[in-house]
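Architecture and fold: a report
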Amino acid sequence: MDLDAVRTFVAAARAGRFQDAAVELSVTQQAVSKRVAGLEKALGVRLFTRTPRGARLTLDGQAFLPHARDLLRAEARALASVRPGGRALRVDVIGRRLGPAGVLHDFHRAHPDAELDVVTLPDADAAVEAIASGAIDASFRAVTMPGRRLPDEVRAVRAFDEPVELVVGPAHPLAAAHAVTPAQLAGHRIWMPGLAPGTESTAYYADLAAAFGLTVEITGPGFGTQPLLDTLAGSGSLATFVGERTRLVWPAEHGLRRLPVRDPVPVYPHSLLRHRDNSHPLLAALDAHLRSTRPGRDDAATWTPGWALAPD
């Protein structure tokens, strides 16, 4: 259906005169008559009756008017859905309890009017594909792990660094420490059964283990965070790594400890991936927020894998 004709019909119905509708639409009266005639032909009914005082809706015209208005409202919604800034910014945060979700929440608190659609995709390959296809606007990931090259249309910038912490139970030898160094962790069993082979997280912790002679075990079924914490609470030998901003909740009787890792501080290098041609204005606002909240850090006091993107 010709929406210009529908728009002309609604204007003529509102004005009651084709001449007034022409002025409103900035077209000629002849154009209004032609559009209405074309719409009547398409519908197979008369929409107006000409009178000395203008144009009056027929019964069919009265029946069609609310639907015509619905069509124009649907058109406006459709245009808004793809107009820059007219739709929510869709961002992949890996997991809703992980650091990127917290950073995006901080952004929303700083920009409460920003419309966000938060999603969690299974891995970096799915995120890159979704960005390339336009299914999402951005994704927080660690790039580029060995063997992965981003498509030319996908751009990545270092977004924020998240310090790594150690979680231990009350019977662990390090439980009374205020902080630990990577060197102190040599010989201790660090259990991370949730790591999946081939992911950026697995590549990061494999390099961390190799750099400091650590033992990071990913064997065993990954039943989720809560069973892992339950196991740590009753173990005198197992520990695990988590990001500083990872949200963990456990019963008070577990007595778990979260210990900072220092000298150097291992940091997980989160990057923000986006399509090079994506002009959504909230992307610029998010980038500005990440830059303004990025803490200054002494590179000599931190560790990241060699494949991490260099900070801007």
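Our structure's up above, just so we're on the same page.
Quick look at the structure, then.

Before going further, it helps to examine helix α7 (residues 200-212). For α7, built from 13 residues, the straight-helix expectation of 18 Å at 1.5 Å per residue is met to within 8% by its first-to-last C-alpha distance of 19 Å. All of the buried residues along α7 are E200, T202, A203, Y204, Y205, L208 and A209. G213 lies just past α7 and shows a positive phi near 65°.

This part takes up the layout of surface pockets. In this structure, the largest pocket spans a volume of roughly 1,000 Å³. Around the largest pocket, the lining is made up of 36 residues, and of these L98, G194, L195, S201 and T225 lie nearest the centre. Elements with a minimum of two residues in the lining of the largest pocket: α5 (99-110), β6 (154-168), α7, α8 (225-233), β9 (238-243) and β11 (265-275). Broken down by element, the lining of the largest pocket gets its largest block of residues, 4 residues, from β9. In terms of residue class, the lining of the largest pocket is built from 19 nonpolar, 11 polar and 6 charged.

Quick look at the environment of V118 now. Mapped onto the elements, V118 comes out in strand β4 (residues 116-119). What makes V118 partly exposed here is its relative accessible area of 28%. Residues V118 and R50 lie 68 residues apart in sequence; the distance between their C-alpha atoms is 54 Å. Among residues more than four places away in sequence, those in contact with V118 are V91, V93, R96 and L104.

For the rest of this paragraph, the subject is the environment of A135. Tracing the backbone shows A135 in the loop between α6 (124-133) and β5 (138-141). Apart from the residues lying within four places of it in its own chain, the contact partners of A135 are R90 and A130.

Turning to the packing of α5 against helix α9 (residues 281-293), a few remarks are in order. For the pair α5 and α9, the least separation of the axes is 10 Å and the interaxial angle reads 105°. Between α5 and α9, the interaxial angle falls into the category roughly perpendicular. Across the interface between the two elements, V103, L104, D106, F107 and A110 of α5 pack against L282, A285, L286, H289 and L290 of α9. Taken together, the residues of the contact of α5 with α9 break down into 8 nonpolar, 1 polar and 1 charged.

Moving on, we get to the nonpolar core. By size, the foremost hydrophobic cluster in this structure holds 25 residues, and its most contacted members are L166, V180, L185, Y204, Y205 and F241. At the level of elements, β6, α7 and β9 are the ones that each hand at least two residues to this core. Per-element tally for this core: the top contributor is α7, with 5 residues. Here V180 is in contact with L166, L174, L185, L259, P260, V261 and R262, once residues within four sequence places are set aside.

For the coordinates displayed, the defined rule picks out 1 cavity of 30 Å³ or more. Taken together, R155, V157, L272, R274, L283 and D287 make up the lining of the largest cavity. Among the elements of the structure, β6, β11 and α9 are those that each provide at least two residues to the lining of the largest cavity. For the lining of the largest cavity, the class distribution of residues is 3 nonpolar, no polar and 3 charged.

Calculation rules
Residues numbered from 1 in each chain as written. Predicted model: local features only at pLDDT ≥ 70, side-chain atom pairs only at ≥ 80, totals over all residues. Heavy atoms only, no water. Helix = DSSP H or I, 4+ residues; strand = E, 2+ residues; numbered from the N terminus. Expected span 1.5 Å × (residues − 1). Buried < 20%, exposed > 50% of the residue type's maximum accessible area, 1.4 Å probe, protein only. 1 Å grid on protein atoms, 1.4 Å probe; cavity = no way out; pocket = protein on both sides within 12 Å on 5 of 7 lines; lining within 4 Å. Points joined across faces, edges and corners; volume = space filled by probe spheres on them. Nonpolar A, V, L, I, M, F, W, Y, C, P; charged D, E, K, R; others polar. Contact = heavy atoms within 4.5 Å. Axes fitted to C-alpha atoms, helices over the stretch in contact; angles between N-to-C directions. Parallel < 35°, antiparallel > 145°, perpendicular 65-115°, else oblique. Core = buried A, V, L, I, M, F, W, Y, C linked by side-chain atoms within 4.5 Å.

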